Amino acid sequence: MLGESLLTQSSHQPLRSRLSHAAETGSPSMRAIASFMLAQFSDLPFETAATLAAKIKVSEVSIGRFCRAIGYANFKDLKDHLKEDIGEQPWLIKDRLEALRSTSGQREERLSQGLEAEMAALVSVYELARTADWQSAVTRFTKHPRILVAGFQTERGLAQYFASQMQYVRPGVQLVDLSVGNFAEVLVEGAPQDTCLAIFEARRYSRQALVLAREAKARGIPVTIFTDRFCAWGADYADEIFMVATQFNQFWDSTAHLALLGNLMINDIFLALGEGAEARLNEIARLYGAFTGHVGNPLTPVAQ
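Below or above, wherever it landed, is the structure these notes cover. Just so you know, these numbers come straight off a predicted model, no measurement behind them.

**Considering the overall build of the chain**
- From N to C terminus, the chain includes 14 helices and 5 strands.
- Burial statistics for the chain: of 304 residues in total, 39% are counted as buried.
- Sequence separation of at least 24 residues holds for 65% of the intrachain contacts in the chain that already meet a minimum separation of 6.
- Element-wise, carbon and sulfur atoms account for 54% of the exposed surface of the chain, whose accessible area totals about 16,300 Å².

Written out as structure tokens, the structure reads:
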């Protein structure tokens, strides 16, 4: 049968190769499904079998049959392998280099496309700030005695920025020390009901991020994850997961919108805390001025 022949030929091939083969040799409905998936390859992580079927104008059963024909148990299984193809190879270095080189004479067009994508992502961030999950996270970060903030790889800078900013508006905020290697400050110190954890991470995801989130959840510690739209594992371990766009027609994925997300969160925490946060911020600013000072306006003279 045709489905069996497709399965035999594609069982050891990457997903894109399987789709290309199906688009060339499959039945009319299979060619339609394969062609659509190839054209919308980067959007597949955000589809379901039902949404995909509606867009291609086939039945949801046809989507499942197609997935089995090219070697996957169902559409979820296909997406799991897509995560491996895309999510675990985040920078697609060869593809992106070739794309950038081939359009070197179209810089203005690429900049315009990137600007449009970033503006759309900005709107999405502000939409997240209007959700019930957002308010739940703000309430927890306002009331829990201990907030631990962790970031991994290049996202560690985002975590440090978030923690440092929040330390100005409330006590009990700590950046997780990754050098210790056991996360005892999160998992052992303090009572779980008094502790909450914020994780900043983007692909390729550090194994430490997944394990820390899983262990925290197992101990009853609430977890909030700030990440990109490819994080397929985060929802399994997070009380809230906030996902932002990171692809803007550039060589590297951009995590700038994760920083924006953190700023909006801290602003809402500050507003929720009220006058107490303002008094703390002013006192910390005074202490900084006394011990360190700012350019042109030290509060105490520099020792001579």
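**Points about the packing of aromatic side chains**
- Applying the stated criterion across every chain, the model contains 8 aromatic pairs.
- Both rings, one in F200 and one in F226, keep their centres 4.6 Å apart while their planes meet at 10°; by these two values the pair is stacked. You can see F200 sitting in strand β3 (residues 195-200) and its partner F226 sitting in strand β4 (residues 223-228), a full 26 residues away along the chain.
- A relative accessible area of 0% places F226 in the buried class.
- Cluster of aromatic residues (ring-pair linked, three or more members): W134, F141, F162, F200, F226 and F242.

**Topic: the pairing of strand β5 (residues 240-244)**
- Alternating residues of β5 divide into E240, F242 and V244, all buried, and I241 and M243, none buried.
- Bridge count between β4 and β5: 5 bridges; the pairing is parallel. Among the inter-strand pairings, T227 is bridged to a residue of β5, identified as M243.

**Focus on the nonpolar core**
- Residues F141, V149, F226 and M265 are the most contacted members of the largest nonpolar core, which totals 28 residues.
- Among all residues touching F141, those that are not within four sequence positions of it are I147, R170, C196, A198, T224, F226, M265 and I269.

**Here we look at the pairing of strand β1 (residues 146-151)**
- For β1, the tally of buried residues reaches 6 of 6 residues, placing the bulk of the element in the interior.
- The pairing of β1 with β3 spans 6 bridges and is classified as parallel. Bridging from a neighbouring strand, V149 pairs with A198 of β3.
- One ladder, built from 3 bridges, connects β1 with strand β2 (residues 173-175); its direction is parallel. Across the sheet, I147 pairs through a bridge with V173, a residue of β2.
- Remark: the β1/helix α10 (residues 156-169)/β2 crossover connection has right-handed handedness.

**Digging into helix α12 (residues 207-218)**
- Compared with an ideal rise of 1.5 Å per residue, which puts 12 residues at 16 Å, α12 spans 17 Å between its outermost C-alpha atoms and is within 8% of the ideal.
- Restricting attention to buried positions, one finds in α12 the residues A209, V211, L212, A213 and A216.

**A closer look at unusual backbone geometry**
- Of the consecutive residues R203 and R204, the connecting peptide bond is found in the cis state with omega at -10°.
- Structurally, R204 can be placed in the loop between β3 and α12.
- Phi at K57 takes a positive value of approximately 65°, unusual for a residue other than glycine.
- Within the secondary structure, K57 is located in the loop between α4 (49-56) and α5 (60-69).
- On the basis of relative accessible area, K57 is assigned to the exposed category, the value being 73%.

**Regarding the sheet that holds β4**
- The parallel open sheet is built from 5 strands, whose spatial order is β2-β1-β3-β4-β5. Edge positions in the open sheet fall to β2 and β5, since each of these has one partner strand only. Averaged over neighbouring strand pairs, the angle between their axes works out to 15° when direction is ignored.
- Helix α9 (residues 132-143) contacts β1, β3, β4 and β5 of the sheet and is inclined by roughly 120° relative to β5.
- Here helix α13 (residues 256-273) sits on the sheet and contacts β3, β4 and β5; the angle it forms with β5, its principal contact strand, is near 135°.

Conventions used here
Residues numbered from 1 in each chain as written. Predicted model: local features only at pLDDT ≥ 70, side-chain atom pairs only at ≥ 80, totals over all residues. Heavy atoms only, no water. Helix = DSSP H or I, 4+ residues; strand = E, 2+ residues; numbered from the N terminus. Buried < 20%, exposed > 50% of the residue type's maximum accessible area, 1.4 Å probe, protein only. Contact = heavy atoms within 4.5 Å. Areas by Shrake-Rupley, 256 points an atom, 1.4 Å probe, with all protein chains shown as cover. Phe/Tyr/Trp six-rings, centres within 6.5 Å; stacked < 30°, edge-to-face > 60°. Pairing = 2+ DSSP bridges. Core = buried A, V, L, I, M, F, W, Y, C linked by side-chain atoms within 4.5 Å. Right-handed = clockwise from strand over helix to strand, strands pointing away. Expected span 1.5 Å × (residues − 1). Axes fitted to C-alpha atoms, helices over the stretch in contact; angles between N-to-C directions.

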